[in-house]
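So the chains spell out like this:
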Amino acid sequence: MSTVVRRPVALVAALVLFVEAVGVVLVNGVLATVVKNQDMSLAGTDPEVVSGGTWVMGGVFGLYLVLCGLLLLLAGVRDRAPGRLARIVLIVCAVAHGVLGALTVGLVGWAAFAVLMVVLGLIVLTLVAYGTPSGGPADGAGTDAPAPA
């Protein structure tokens, strides 16, 4: 895939993940506030603990999405493939979007599923467009393997 296509895809994916991070934190904030105000508990658990846990979960997932967005932004700005660790982080993010998308169909609806699949597609397209990390052989090129007999 050419540089003309892969840079904008990486930058758009980064922007989408930044927006998604804000949305995740806001949704978890609303959920935490509702739990706290309604004095709800799960099997006798203190509502303050549930509310605090929801805030922490939203914050951690929001930070993870920001990290993924930064990795994609760096890939787009530098126009280089993400390193091995960055690729692993982005693959985990893509898998999380796939699983959440599958769960979202029944719980929220097809529109939310479509949004999650678009984000999944942007992440995967960026990973595929940049191919192997820079400095490594692509598809076995440059290896010293003997020729088949």
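Residues numbered from 1 in each chain as written. Predicted model: local features only at pLDDT ≥ 70, side-chain atom pairs only at ≥ 80, totals over all residues. Heavy atoms only, no water.

### Some thoughts on the overall build of the protein
Thought 1: Along the protein, the regular secondary structure elements total four helices and zero strands.
Thought 2: In the protein, which comprises 149 residues, the share counted as buried stands at 32%.
Thought 3: Across the protein, every contact between residues at least 6 apart in sequence was considered, and the portion connecting residues at least 24 apart equals 71%.
Thought 4: Taken as a whole, the protein presents about 9000 Å² of accessible surface, with 73% of it coming from carbon and sulfur. (Helix = DSSP H or I, 4+ residues; strand = E, 2+ residues; numbered from the N terminus. Buried < 20%, exposed > 50% of the residue type's maximum accessible area, 1.4 Å probe, protein only. Contact = heavy atoms within 4.5 Å. Areas by Shrake-Rupley, 256 points an atom, 1.4 Å probe, with all protein chains shown as cover.)

### What to know about unusual backbone geometry
Thought 1: Not every positive phi belongs to a glycine, and Asp79 is a case in point at roughly 55°.
Thought 2: Note that Asp79 resides in the loop between helix 2 (47-78) and helix 3 (84-107).

### Regarding the side chain of Thr104
Thought 1: Note on placement: Thr104 falls in helix 3.
Thought 2: Once you skip the residues sitting within four places of it in the chain, Thr104 turns out to touch Gly109, Ala112, Phe113 and Leu116.

### Comments concerning the side chain of Asp79
Thought 1: Under the relative-accessibility criterion, Asp79 is labelled buried at 18%.
Thought 2: Only 3.1 Å separates the side chain of Asp79 from the side chain of Arg6, close enough to count as a polar contact.
Thought 3: Side-chain polar atoms of Asp79 contact the side chain of Tyr130, separated by 3.1 Å. (Polar contact = N/O pair within 3.5 Å; in protein donor to acceptor, adjacent residues only side chain to side chain.)

So, to be careful, I would describe these as geometric facts and stop short of saying anything about function.
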